[in-house]
Each structure stands twice: as C-alpha cells, then as structure tokens.
Amino acid sequence: MKILIIGSGGREHALVWKLAQSSHAARMWVAPGNAGIAQERLAKNGAPVECVPLAAENLSPLLDFAKREKPDLTVVGPDNPLAAGIVDLFQANGFKIWGPNQKAAQFEASKAFSQDFMERHGIPTAKSGTFSEPVAAKKFAASLGGRCAVKADGLALGKGVLLTASVIEAERAIDEIMISKAFGAAGQRVVIQELLEGMEISLHALCDGKIAKLFPTAQDHKRALENDEGLNTGGMGTYSPAPFLTDAQLAEVGDVILKPWLSGCAAEGIDFRGLIYPGVMLTKSGPKVLEFNARFGDPETQVYLTRLENDLVELLLASCEGRLADVELKWTSNASVCVVMASGGYPGDYAKGKSIEGIAAADALPATKVFHAGTALKDGQVVTNGGRVLGVTAWRPTLIEARAAAYAAVEKIRFEGAQFRRDIAAKALSPDHSEE
Ligand code: AMP
Ligand code: GLY
C-alpha cells in the first residue's frame with residue numbers, strides 16, 4: 001500500500017515509525033514531516049520515508065498531491081486539517097483517509113459544541129457556561145468565585161486555556177481572550193468551567209462510526225515546569241500505563257464517558273471514524289471530561305505506539321471501514337515513558353536553528369526511540385525548529401526502569417537552551433501509587 005501521512009510533530013513521527021513497521025506499507029510520504037521522519041525506512045522493502053514540503057493546513061496542494069500519487073490510505077495527525085474538512089475533501093475525491101470528518105471534528109474545533117453535547121447526553125463534565133460577550137462571562141466567573149478554567153472556544157495549539165484562582169484573575173483572563181484576542185479568532189466565544197481538582201488522565205479510543213475501543217491509561221504533563229508549575233504547554237512528557245486506575249476502573253470510566261458519547265453521536269448523525277481523546281479529571285465525585293480532542297495526543301502517541309502490538313495500518317483501515325468489532329487491540333505489558341526536550345523559552349518565544357548533538361547515541365540504546373518534533377536539517381546537521389523539539393521515549397517491563405532509561409537517553413542529547421522536566425512519571429512512583 002501507498003500511505004500519505006499529514007503532519008510534522010512528534011505524534012506524526014511516532015505514527016510514521018509504527019506504520020513503517022507494517023507489512024502493508026510499500027511506499028510512504030509525509031507532508032511536511034521533519035528531520036527524524038525523513039530518516040525512517042519501511043520494514044517491508046527498506047524504502048525511505050519521503051517528506052514532501054506541503055503544509056498540513058493547505059488542503060488543495062495536498063489534494064493535488066493525492067491526485068498525482070494516488071495513496072491507498074491517508075492518515076491525518078493534527079487537528080487543523082481535520083477542522084478544515086480534509087477528510088470530507090479527500091473522500092469526495094475518492095480517497096481513503098483516516099480521521100474524523102468536519103462535523104465529527106467539531107468535538108475539538110469548538111469547545112462550546114462539545115460542552116453543549118456533553119450536557120445534552122449526560123456526559124459528566126465541569127459546570128460551565130459559553131459566552132460571546134465579556135460582561136456575562138465575568139458574571140458567571142464571579143458566581144464560581146473566580147476559580148475557573150477560561151477557554152477560547154476554537155483551536156489555539158493547546159494553549160487557549162487560562163486557569164484562574166480569583167475573580168480578578170478570571171476577569172483578566174476573559175479580557176485577554178475576548179478583548180486583547182490573545183488567541184485570535186478562537187477567542188470570539190469563551191467557555192468558562194468551574195476549576196476541577198484531582199488527577200488528570202488522558203483517555204484514547206479508536207472509533208469506527210459505531211463502536212469505540214479504549215486504549216490503556218496515559219498521563220501527560222501539561223505545565224512547562226516541574227511540580228506542575230509554569231504555563232500550559234502542548235505537553236512536556238507522558239507515560240503509560242498510569243497506575244491511578246485499575247483496568248476495571250478504566251472500563252468503568254469508559255462506560256460513563258464513551259457509552260453516552262457514542263449514543264449521542266448516533267442520535268445526532270455524527271459519524272466519528274478516528275481517535276477520540278477526552279481529557280479527564282478524576283475528581284472526588286467521579287471522572288469528569290475537561291475537553292475532547294479528535295486526534296491522537298502528542299506526546300501520548302509516543303508512549304502508546306511503543307506499547308501497541310497490532311499492525312497500525314490494519315487498525316486504521318478497520319477504523320475507516322467500520323470493522324473495529326472484528327479487531328482486538330493488543331498491548332505489551334511494558335511501561336513507556338516519553339520526556340519532551342523543548343527549546344528554551346517554550347511555550348513563550350524561543351530561538352530556532354540550534355544544532356542538536358547526541359541523537360544517534362540516544363537512539364542506539366536498547367528499547368529507546370528519539371521521536372523528532374520541531375527539528376530540521378541544515379547543511380546535513382539536525383537543528384531545532386520548533387518549541388517542542390524531541391520526545392525521548394523508552395519502554396521497559398516496569399515504569400521505574402522505563403523512566404530511568406528515558407532520562408539516561410535524555411542525558412546523551414545536547415542543544416543550546418534545552419529545557420525539559422525531570423519529574424515525568426514521578427507522580428506515578430510516589431508511595432501511594434508505587435508499582436514496586
Ligand atoms: P484543555 O485544553 O481544555 O484540556 O485544557 C488544558 C489544561 O488545562 C487541561 O489539560 C487541564 O490541565 C487544565 N484544565 C482545563 N479545564 C480545567 C478545569 N475545568 N479544571 C481544572 N483544570 C482544567
Ligand atoms: N497531550 C496533549 C494534546 O495532545 O493535546
């Protein structure tokens with residue numbers, strides 16, 4: 001099969017790495033890819049993965065490329081092309097493409113849509129309100145005592161959420177999003193939620209328009225700095241499994257969230273074929289959904305795909321074709337840990353073009369993979385080219401070992417200003433949750 005993958009981040013590198021292991025993959029293009037993706041080869045025939053310089057958001061050049069090269073399957077990584085309707089466009093032109101269509105992608109593209117949907121279908125979530133002007137928004141925030149999550153309605157690179165602890169902070173956050181337009185047009189409407197307390201986990205489920213198959217647990221680390229301090233980022237590191245839920249509890253969480261979600265989709269004619277990723281807070285009064293994403297998480301993908309035993313091409317085809325009922329997801333019993341190395345200053349301003357040393361030495365360690373995110377090749381040298389630069393991932397029989405191995409690999413890598421958290425997966429190993 002000829003496969004086209006859309007995107008350029010660490011998630012896409014992990015998708016490419018896993019898809020390239022499939023016996024079905026005979027040719028693979030990635031638009032636009034990155035320096036690490038360009039080094040991958042297909043297991044079937046040793047062919048190099050080909051990066052093509054087409055932006056993920058620019059749909060018509062991507063369609064022209066598909067018309068020319070005729071991929072048998074296109075796989076979409078990021079949210080923007082999904083929200084722009086790439087799936088509908090490719091399908092209308094006769095191409096098989098994996099990911100939710102535009103209507104289904106609204107779960108991520110509009111937080112207001114998701115929030116209303118959850119209320120209509122009894123999915124547990126935070127108390128919330130949606131507002132298109134600041135006065136009413138501020139009144140609602142005040143009714144919550146200012147302890148809120150103030151969220152731009154639209155897509156904002158995972159950064160459009162401000163957590164506030166007082167009425168003054170909440171008012172400032174509302175002004176920032178609605179008046180100063182800190183996240184652009186995404187902030188025309190805001191969703192304000194009560195601030196929930198508890199342990200946050202990532203759920204992933206693969207869907208085929210009828211059923212959903214739940215993945216094991218994972219946990220991301222959203223804040224830039226250790227001890228969950230600093231600004232929210234796209235994600236600074238992940239591990240899987242997370243020991244806060246037993247398999248039975250995970251299945252139960254799946255039941256209270258995924259069951260009503262699936263029946264709501266059926267009732268509203270939403271044909272979701274792709275990956276649904278609810279962010280969930282495990283509160284004292286049960287699990288509550290903070291938001292839905294309509295794609296694989298980044299860097300959750302890096303830990304999931306290093307544990308997945310199935311052929312990913314087969315899984316994604318089953319998801320596209322409504323055949324997931326026939327498929328069993330298989331996971332190794334390993335734990336996997338991904339530590340993100342970011343550019344100094346991220347998620348604020350940062351420099352690009354810093355040369356990176358030591359990737360090959362880290363990659364040479366057993367059961368270790370350095371997934372590239374914001375990297376580029378300059379005169380044959382890998383350089384930094386984004387906020388999140390690398391996702392250094394290692395998998396081992398236990399979480400303690402996987403964590404030590406991931407950090408041993410991080411130690412081999414150097415670039416000017418490199419910033420990473422030293423406490424990825426530490427919570428899971430605190431006395432309450434220690435597995436050993
Ligand atoms: P979101 O993009 O909606 O997932 O929000 C980004 C991050 O903000 C989440 O991963 C949480 O860590 C935090 N967050 C969002 N909503 C809430 C909430 N209602 N209460 C507490 N934390 C929240
Ligand atoms: N792990 C955060 C995200 O993918 O949105």
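Cut-offs and rules
Residues numbered from 1 in each chain as written. Chains lettered and ligands numbered in written order. Predicted model: local features only at pLDDT ≥ 70, side-chain atom pairs only at ≥ 80, totals over all residues. Heavy atoms only, no water. Pairing = 2+ DSSP bridges. Helix = DSSP H or I, 4+ residues; strand = E, 2+ residues; numbered from the N terminus. Axes fitted to C-alpha atoms, helices over the stretch in contact; angles between N-to-C directions. Contact = heavy atoms within 4.5 Å. Near = heavy atom within 4 Å. Areas by Shrake-Rupley, 256 points an atom, 1.4 Å probe, with all protein chains shown as cover. Nonpolar A, V, L, I, M, F, W, Y, C, P; charged D, E, K, R; others polar. Salt bridge = Lys/Arg side-chain N within 4 Å of Asp/Glu carboxyl O. Buried < 20%, exposed > 50% of the residue type's maximum accessible area, 1.4 Å probe, protein only. Polar contact = N/O pair within 3.5 Å; in protein donor to acceptor, adjacent residues only side chain to side chain.

Brief notes about the sheet that holds strand β7 (residues 147–152)
- Spatially, 4 strands are ordered β6-β9-β7-β8 in an open sheet, and the strand pairing comes out antiparallel. Each having just a single partner strand, β6 (128–131) and β8 (161–165) make up the two edges of the open sheet. Strand after strand, the sheet turns through a mean of 20° between neighbouring axes, direction not considered.
- Sheet topology note: the β7/β8 ladder contains 5 bridges and is antiparallel. By the bridge assignment, Val150 is partnered in β8 with Leu162.
- Of the strands in this sheet, β6, β7, β8 and β9 (190–194) are in contact with helix α6 (residues 111–120), which crosses β9 at around 50°.
- Packed on one face of the sheet, helix α8 (residues 167–178) meets β6, β7, β8 and β9 and runs near 160° to β8.

Brief notes about the site of ligand 1
- Around ligand 1 there are 15 residues in total, and Lys151, Glu194, Leu196, Glu200 and Glu291 lie nearest to it.
- For ligand 1, the protein covers 93% of the area, taking 470 Å² as the surface of the free molecule.
- Listed by contribution, the elements that provide at least two residues to the shell around ligand 1 are β7, β8, β9 and β18 (286–293).
- Considered class by class, the residues forming the shell around ligand 1 number 7 nonpolar, 2 polar and 6 charged.

Brief notes about the pattern of salt bridges
- Tallying each qualifying case throughout the model produces 21 salt bridges.
- We note a salt bridge from Arg27 to Glu50, for which the minimum N-O separation is 2.9 Å. Of the two residues, Arg27 sits in strand β2 (residues 27–32) while Glu50 sits in strand β3 (residues 50–51), which places them 23 residues apart along the sequence.
- Owing to a relative accessible area of 29%, Glu50 belongs among the partly exposed residues under this scheme.
- Between Arg388 and Asp298 there is a salt bridge, with its nearest N and O atoms 3.8 Å apart. In this pair, Arg388 is assigned in strand β23 (residues 388–396) and Asp298 in the loop between β18 and α10 (300–305), connecting sequence segments 90 residues apart.

Digging into the site of ligand 2
- Within the structure, ligand 2 sits among Asp220, Lys222, Gly234, Tyr277, Arg295, Gly297, Asp298 and Glu300.
- Glu300 has a polar side-chain atom sitting 2.7 Å from a nitrogen atom of ligand 2.
- Here ligand 2 has 200 Å² of accessible area as a free molecule, and 91% of this is covered by the chains.
- A per-class count over the shell around ligand 2 returns 1 nonpolar, 2 polar and 5 charged.

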